[in-house]
Structures are given as C-alpha cells and as structure tokens.
Amino acid sequence: MNKSPITKIVFTTVIALLIPIFTYTIFQFVQSDKNEELIKSIYDRQLGSILFSVNQHCWDMFMSWYAEINTLAESFTRHSYGRLKSGLYAFNNSKSSISGSFVWFSNQFVVYALDQESTKLTLEAERAEFRNKLNSIILDLDKEIDKQVKRAQQGYIKPLAVTWQNNPQARETLLIFPIINNSYSNENVVLAGIIVDDLAYIHDIVARKFGSMNDGNLIFAVKDDSKIIFATDEAYESDYEKYEELWILPDLDIQIKLAGTTLAELSKSRSRTNLVLLVIVNVVFLGGLGYLFYNVTTEISLAKMKTSFVANVSHELRTPLALIRMFAETLEMGRVKSEEKKQHYYKTIMSESARLSQLINNILDFSKIESRKKEYKFEQSNLIDLIEQTLELYHFRFTQNGFKVEKYFEPNIPLVYIDKEAITQAFVNLLDNAVKYSFDEKFIKVSVVRQNGSVEMSVQDKGIGIQESEQSKIFEKFYRAGNSLVHNTKGSGLGLSLVKHIIDVHGGKIWVSSKPKKGSTFTCAFPLN
C-alpha cells in the first residue's frame, strides 16, 4: 500500500531525527553522574598540564644557567682565577633570583661569587668558612654526587638541591651539579653550584610563567612543608585541586585551583547546562517539526510542480543540445563530404538552436513575469511580415518533420501596435505546440484576417486535439492536459501561459477551438485602436 507524501515525511522525521534526539536526551539524563566525572577528569588533566608546563619552563631555565656556568668553567686554569670569578659575578648580577654561584675543583680550590662579601680584612676568613661549609655538604652528598657524575657522563644533568642557610633573613637553596668537559680528566671532579633565592625565584620565574597561561580563572600557589609561601589570590589551603613537586626546588610544591569554584562544582554546572541545552534543542525541534507539518501540503504540491517542470525542461533542453553537438562534431571531424549534406547539417543546427533559444526565452520571460520585471517595447508593426520571417526561420524544421504548411493572409491588413519580440515568441510557441502534438496528419495553417475591428492571427493543426473540459485550463502555468499522448510528449507547461500573458498585455484576446483527434485552432486577436 502506497503511503501519502505527508505520512512518509512524518515517518522519516520521527525515525531519522525525533527518536535519536529523544533517545540521546534520555541517555544524557541517565548518564549525568558519569558526565560530571568525565568533565571533572578533563579539567583535572588541564590543571595538571599547566603545572607540567611551569615545571618544564623552570627546567629549561636551569639548563640555560648550566650552559652559562659550563662555558665559564671549561677554559679555567689556575692563572685565570680572577676571570672565572668575575664571570660568576656577572652571571649572578644578570639573574635576580640567584644570590651566589661557585665552581669546585676536586677539593683543591673553589672559585665563588656572592652578592655581598665582607671587607678585605675578613675576606680570607669568609673564604675559608664558605669552603669548609661547601666541602662538608659535598662530603655528605658523596654517593649522590657520584651518581650525578655518572648520569652527566651519559648526557643527563639533574641538580642536587640542598637547603642553604648562609643568609638567616632569606630562604635559599643550593643547587649542585657536575661540570662535564673533555679538558678535565676523569680523576678530577669538577662541580658547580647556584645559590637560589627561593622567594625571588618563585616571583620572577615560576609565577611569571603561570601568569602567561592564566586567563584569570585560576589561582596558583607555592607551598613548603608547613605553609603556603606564595599565592596569586586568597584561598584555603584545602581548596587546591592539583599539586606537583617543583622539579628544581623539590622542597616546594606548586598548587593550582579554579577561581571562585571547585572542579566538582564546575563539572556539575557544565553537566546541568548541557542538559538544559538539550531540552531547549528538543523544544525548538518540536516547534520546527510542527511548523514543517503545517506548511508541508503546500510545499509538496509546489515540489511536484517544480519536479515535473525541471524534468520536462531538462528533456526539452537535452534533445536540441544533443543534435547540435552531434552534427557539429560530425562537421568538425570532416566526415561530411557532400555540400548538400553539409547544408542539411547547418540547417539542422540552426533549427535546433532556434528551438533551444525559444525554450530558454520562455523560462526567462516566465521568471521576469513572475517577478514583475518584464518590459515591452510597443511600435506600429506589420504582423504579416513578422509571421513570414518566423515561418522562414522554422521552414527547415517543418520540412524535416514532414509538415505541410499553408498560409492565408487577407490583403490590406493594417499595422498593429505590438512588441515584435513578444509576439514572435507567442507565435513560435503556438507553432511549437502544433508540431509537437501532431502525429498522424502533419498539417499547419497560419491565417491573418481582419475581423470585428481587430486583426486575428490563427494557427491551425490536425493533431490530437483538446478535450472541451480542459480548454479553459491549458493557459494556466505548468498545466498539461490529461491526454496520455500529451504526457508522452515532453514540454515545460509554460508555452500557452506565456502566450496568454503576452496577448493580455497587448489588450487582445486568445481562444482555442478544438476537438479530440480533429486538431486545434488557436486564435489571437489584436485591437486596431
């Protein structure tokens, strides 16, 4: 059993759209808890990636420091002690978060530089104190340093971090790392160190990197073993969602949280927002579906008319184009030797081109008429001359299709006030219908007579004819008679509609006299005044 178009649309919409959308909505409500966990895990990973980026930046900064000190130390000899020390001073002064640095040569001597040193009177004592303290730390870390050296020889540099209590008013960390250089023998261990001002380091490097990634929605903090020593905003210590050890200063943790909310609250809010949006989508969809069904009948009717029109016009365009292309290719390849045949081909191309032009003109004029943009240029014209020129243009088509054409022009026909191009188009449409719907007896008669104060132009054929019940409808756009022979003959359904419009614009009248299987006569009357 065939379903109606409306039923098909309803069924297709429900199956293709309504059921999936409603199913997905119900699924989202059921899975809301899992969705919250998923959103929470996504944000958690994002926070973790930010902490990783901060740590990576700190590590890159340390490696740049290592490269600078390594360059200073690699050309050192006992005679360049002062040059190395001044280099270390310059290194310290260029880094606001560094308060001192040194190079240690196998416990033989140490070259170091601090931000502040004592006067010359106590300088020697200070050197001895610094050296003893440093030797003590290195001795305590002997095993760890050996491991460091082996790793460094394999290309992996990682500093040892030791709390440095030289300045009681500051929190400082000593970073110790080996210097690996081909100019040093394996027996001589060369170590280097950097004394980092922890708070300055956090402000100048750690916090600045975080600030470059923060859009104002995050709070960042640094915590030691007992308390938070730095934070970008106020927050309870227990509120921080994610933390990670600071790679370079492992006694410190970097922490992060969302500003003004928590991951749990944010995930729940986002999940709730998604559900609300889904409900809105469903409501909008149902409203649109109702609007669709409200207008569907008219649209289906229009779609049928358009489909039929496009199919018919496509066929009408394809036939002359195929003939034009076939004869043009044959002529181009030089296969036609006879001059008579060439002329035949030329005439066919001209005839089909005229037919194609007529169809295109019909479509264009119909579009202009519908949009009220069609313009006409009226002038006093000889209707018989216009008809003669058109018949001459279509002579080859008549001959090719085996039509006999008769003419009857009453003498002394006066000039008529017309748009020559529009009347030619109307006349061609009448001729075209006569050719298309004449199958058995191929006859056309064109007449021009003066009658009752008008000039009447008639086109008569002996084709299939038109039922009387349909004669009043054939001038409607897109209408085609119900005769099976009509539907087997392709057409746009615009020809007679255009003819009637043109005649109406000229203040004239058009009518048809027809009987099935006896032929039809279309008459157009043009007023003389």
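Residues numbered from 1 in each chain as written. Predicted model: local features only at pLDDT ≥ 70, side-chain atom pairs only at ≥ 80, totals over all residues. Heavy atoms only, no water.

Asker: Help me understand the overall build of the chain, please; the structure alone is not making it clear to me.
Answerer: If you tally the helices and strands in the chain, you get 13 helices and 16 strands. Looking at the chain as a whole, 43% of its 529 residues qualify as buried. Counted over contacts in the chain with a minimum sequence separation of 6, partners at least 24 positions apart contribute 68%. Summing over all exposed atoms, the chain offers an accessible surface of approximately 30,200 Å²; the carbon and sulfur share of this is 53%. (Helix = DSSP H or I, 4+ residues; strand = E, 2+ residues; numbered from the N terminus. Buried < 20%, exposed > 50% of the residue type's maximum accessible area, 1.4 Å probe, protein only. Contact = heavy atoms within 4.5 Å. Areas by Shrake-Rupley, 256 points an atom, 1.4 Å probe, with all protein chains shown as cover.)

Asker: Could you clarify how one ought to interpret the packing of helix α11 (residues 420-436) against helix α13 (residues 495-505) in this entry?
Answerer: Two measures define how a pair of helices packs: the angle their axes make with one another and the distance between the axes. Closest axis-to-axis distance for the α11/α13 pair is 9 Å, and the angle between their directions is 145 degrees. Considering the relative orientation of α11 and α13, their crossing is left-handed. Each of A422, I423, Q425, A426, N429, L430 and N433 in α11 lies in contact with α13, whose residues at this interface are G495, L496, L498, V499, I502 and I503. Taken together, the residues that form the contact of α11 with α13 break down as nine nonpolar, four polar and no charged. (Axes fitted to C-alpha atoms, helices over the stretch in contact; angles between N-to-C directions. Left-handed = near helix turned anticlockwise from the far one by under 90°. Nonpolar A, V, L, I, M, F, W, Y, C, P; charged D, E, K, R; others polar.)

Asker: Can you walk me through the pattern of salt bridges in this structure?
Answerer: Side chains that carry opposite charge are capable of pairing whenever their charged atoms lie near each other. Considering all chains together, one arrives at 10 salt bridges under this definition. As a salt-bridge pair, D224 and K227 come within 3.8 Å of each other at their nearest N and O atoms. Assessed through its relative accessible area of 7%, D224 is described here as buried. (Salt bridge = Lys/Arg side-chain N within 4 Å of Asp/Glu carboxyl O.)

Asker: When you look at the pairing of strand β13 (residues 443-451) in this model, what are you seeing that I'm missing?
Answerer: Each regular strand shows side chains that alternate between the opposite faces of the sheet. In this sheet, β13 lies alongside strand β11 (residues 404-409) in parallel orientation, the contact comprising six bridges. Its bridge partner lying in β13, K404 is registered against F443. Bridge count for β13 against strand β14 (residues 454-461) is eight bridges, and the pairing is antiparallel. Of the residues in β14, the one forming a bridge with I444 is D461. Between β13 and β14, which pair antiparallel one after the other, the connecting turn spans two residues, and N452 there sits at a positive phi close to 55 degrees. (Pairing = 2+ DSSP bridges.)

Asker: Teacher, can you tell me more about helix α6 (residues 198-213) here?
Answerer: Owing to its 3.6 residues per turn, the α-helix brings residues three or four apart onto one side. Compared with the 22 Å implied by 1.5 Å per residue over 16 residues, the 22 Å span of α6 between its first and last C-alpha is a close match. The largest bend in α6 comes to about 35 degrees, at A207. (Expected span 1.5 Å × (residues − 1). Bend = angle between axes of the 7 residues up to and from the residue.)

Asker: Where do I start with a positive patch on the surface in this structure?
Answerer: On the surface, a cluster of positive charge is made up of K143, K147, R151 and K158. Counting through the fold element by element, K143 comes out in helix α5 (residues 142-153). (Patch = residues over 30% accessible without salt bridge, like charges linked within 9 Å, V, L, I, M, F, W, Y side chains within 5 Å. Lys, Arg positive; Asp, Glu negative; His and termini not counted. Charge placed at Lys NZ, Arg CZ, Asp CG, Glu CD.)

Asker: Even after reading the chapter, I still don't get the sheet that holds strand β4 (residues 172-178), so can you show me in this structure?
Answerer: Read across the open sheet, the five strands follow the order β2-β1-β5-β4-β3; overall the sheet is antiparallel. Edge strands, defined here as strands with exactly one partner in the open sheet, are β2 (109-114) and β3 (160-164). Within this sheet the neighbouring strands show an average axis-to-axis angle of 20 degrees, counted without direction. One ladder, built from six bridges, connects strand β1 (residues 98-105) with β2; its direction is antiparallel. When the bridges of β2 are listed, V103 appears paired with V111. Helix α3 (residues 81-93) contacts β1, β2 and β5 (190-197) of the sheet and is inclined by roughly 35 degrees relative to β2.

Asker: What exactly am I supposed to notice about the nonpolar core here?
Answerer: Within soluble globular proteins, side chains that are nonpolar generally end up buried alongside one another. Membership of the largest hydrophobic core comes to 46 residues, with the highest contact counts inside it found for F177, Y201 and F220. Ranked by residues supplied to this core, first place goes to helix α2 (residues 32-74) with 11 residues. (Core = buried A, V, L, I, M, F, W, Y, C linked by side-chain atoms within 4.5 Å.)

Asker: Could you clarify how one ought to interpret unusual backbone geometry in this entry?
Answerer: Most peptide bonds take the trans configuration, and most residues that are not glycine carry a negative phi. With a phi close to 55 degrees, N452 is a non-glycine residue in the positive phi region. Following the sequence through the fold, N452 ends up in the loop between β13 and β14. By relative accessible area, N452 is classed as exposed at 72%. Look at K517: it is not a glycine, yet its phi comes out positive at around 70 degrees. With respect to the element layout, K517 can be found in the loop between β15 (509-515) and β16 (519-527). Looking at K517, the relative accessible area reads 77%, which means it is exposed.

Asker: What exactly am I supposed to notice about the sheet that holds β16 here?
Answerer: Strand order in this open sheet of five strands is β11-β13-β14-β16-β15, and the pairing throughout is mixed. At either margin of the open sheet sits one strand with a lone partner, and together these are β11 and β15. Averaged over all pairs of adjacent strands, the angle between their axes in this sheet comes to 15 degrees, without regard to strand direction. When β15 meets β16, the two strands line up antiparallel, connected through seven bridges. Within β16, the residue paired with S513 across the bridge is T521.

All quantities given are derived from atomic positions and should not be read as evidence of function.
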